[in-house]
Amino acid sequence: MSDVGGLVHPALFYADDASYVAGTVPFLREGLDAGEPVMMAAPPSRLDLVADALGPAASDVALHDMTVAGRNPGRIIGGVLRAFVDEHAGAGRVRIIGEPIWAGRSPAEYAAAVQHEALINTALGDRPATVLCPYDTSALAPAVIADAHRTHPVLVEGGVTTSSACYADPAGFAQFMSGPLGDDDEDADLGETLVVDAPTGPRTVRLAVAEHALRAGLPEDRVADLCLAAYEIAVNTVVHTGRPGLLTLWTRPDGGREPAAVVVEVQDSGWIADALVGRHPGGPAEGRGYGLRLVHQLCDLVQVHSDPTAGTTVRMTMHLPRAGG
């Protein structure tokens, strides 16, 4: 097959349903007409709008609810985008609509979603894919639109395509958006802090997380997920740094800028040089950050800030059930 080029990654700016349909439906139809594999991952209301406009052709588009598949933005590259691209390797160019940022994202989720948008350019840079990312200019703050200019080399608005004058280095901007991680919530119920060290540290972490999360009201199945995630990070600390780490647990109340949650944070002296660790697809045999990839799958949000001088902080968040929900 002839060379079909690498990644094309435009941001689509829309202000209402009509401009959304005008920017997305012809894009999808063009791909279908060309015989390209086509996928769309967006919030349900946007999926419904586009499916209605496409009519019967919607059955030829792989549709994913981004509020589920991308609840934790760290899952999207490996679990949604790369999975689709790899599934259709050798088929030529693939065409994707991905909408990871919408009004209502919490500040922490938003920062993680911006990191994701920047890292698409690295993760898929040499892949024959076009990934169109819609942004609602009527509902999102001007700062959000400004960030879209930094994470997308191409911009589309009102049918006009331009190059972004503000496009930033993907790895550098992702690092900037990662932190350092500040205080989660001044009203948080701080649990305990303990040292993570060999040989019993990871097991102690599991017990501490389980006790705290159950006391906070996290359902048992989610407690098990959070314990496994914390254990994986504790093992990474012990194995890869050879020095003790620090575990901190707290419960965040509802009503602030972030939803109620149990939060587990591990700090250590290591440095993660690869910005895509945890976002690569594949299993443990691949040997590239499998533990952190598993953590992304298990938790509602994972934030990682790593610096060669300050070390690494991994913050794992699991949302608590809403009262009466």
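Computed from a predicted model, the values in this text were never measured in an experiment. (Residues numbered from 1 in each chain as written. Predicted model: local features only at pLDDT ≥ 70, side-chain atom pairs only at ≥ 80, totals over all residues. Heavy atoms only, no water.)

1. What about the side chain of His280?
What counts, and what does not: Strands are runs of DSSP state E lasting at least 2 residues, helices are runs of H or I lasting at least 4, and numbering of each runs from the N terminus. For this analysis, a polar contact is any N or O atom pair within 3.5 Å, provided that within protein one partner can donate a hydrogen and the other can accept it, and provided that sequence-adjacent residues contribute only side-chain to side-chain pairs.
Inspection of the secondary structure assignment puts His280 in the loop between β10 (261-268) and α10 (290-298). Only 3.0 Å separates the side chain of His280 from the side chain of Asp274, close enough to count as a polar contact.

2. Describing the nonpolar core
Condition: Nine residue types can take part in a nonpolar core, namely buried Ala, Val, Leu, Ile, Met, Phe, Trp, Tyr and Cys, and a core is a set of them joined through side-chain atoms within 4.5 Å. Relative accessible area decides the class of each residue, using a 1.4 Å probe on protein chains only: under 20% of the type maximum gives buried, over 50% gives exposed, and in between gives partly exposed.
Membership of the largest hydrophobic core comes to 38 residues, with the highest contact counts inside it found for Phe13, Leu81, Ile96, Ile101, Leu124, Val131 and Tyr135. Put simply, the parts of the chain that give this core at least two residues each are β1 (10-14), β2 (38-42), α4 (76-87), β4 (94-98), α5 (107-123), β5 (129-136), α6 (142-151) and α7 (170-177). Element by element, the count of residues in this core is highest for α5, at eight residues. Counting 32 residues, the second-largest nonpolar core is a separate cluster that includes Val205, Val223, Leu249 and Leu298.

3. Some points on the environment of Thr251
Mapped onto the elements, Thr251 comes out in strand β9 (residues 245-252). For the pair Thr251 and Arg71, spaced 180 residues apart in sequence, the C-alpha to C-alpha distance is 20 Å. A distance of 2.8 Å separates the side chain of Thr251 from the side chain of His212, its partner in a polar contact.

4. Examining the packing of α5 against α7
Here is the rule we go by: Axis geometry follows a simple rule: fit a line to the C-alpha atoms, using only the stretch in contact for helices, then measure angles between N-to-C directions, giving values from 0 to 180 degrees. Our angle categories are set so that under 35 degrees counts as roughly parallel, over 145 as roughly antiparallel, 65 to 115 as roughly perpendicular, and the remainder as oblique. Should the near helix be turned counterclockwise from the far one by less than a right angle, the crossing is left-handed, whereas a clockwise turn marks it as right-handed. Any two residues having at least one pair of non-hydrogen atoms within 4.5 Å are treated as being in contact. Gly falls in the polar group here, along with every residue not listed as nonpolar (Ala, Val, Leu, Ile, Met, Phe, Trp, Tyr, Cys, Pro) or charged (Asp, Glu, Lys, Arg).
Put simply, α5 and α7 touch, their axes get as near as 8 Å, and they point 165 degrees apart. Relative to α7, the element α5 lies roughly antiparallel. Where α5 crosses over α7, the two elements pack in a sense that is left-handed. Residue-level contacts link Ala111, Val114, Gln115, Ala118, Leu119, Asn121 and Thr122 of α5 to Pro170, Phe173, Ala174 and Met177 of α7. Classifying every residue of the contact of α5 with α7 gives eight nonpolar, three polar and no charged.

5. Considerations on the pattern of salt bridges
Convention followed: Any carboxyl oxygen of Asp or Glu within 4 Å of a side-chain nitrogen of Lys or Arg constitutes a salt bridge here.
Per the counting criterion, the structure on display carries 13 salt bridges. Between Asp86 and Arg82 there is a salt bridge; the shortest N-O distance is 3.4 Å. Separated by four residues within a single helix, Asp86 and Arg82 lie in helix α4, roughly one turn from each other. Accessibility expressed as a relative area gives 31% for Asp86, which makes it partly exposed. Taking the relative accessible area as the measure of exposure, Arg82 reaches 11% and is therefore buried. Across the pair Asp300 and Arg222 runs a salt bridge whose closest N-O atoms are separated by 2.6 Å. Remark: Arg222 occurs in helix α9 (residues 220-241) and Asp300 occurs in the loop between α10 and β11 (301-307); sequence separation between them is 78 residues. On the basis of relative accessible area, Asp300 is assigned to the buried category, the value being 2%. Look at the salt bridges and you will find they share partners, linking Arg71, Arg222, Asp225 and Asp300 into a network.

Fair warning: the whole summary comes from geometry, so function is off the table for now.
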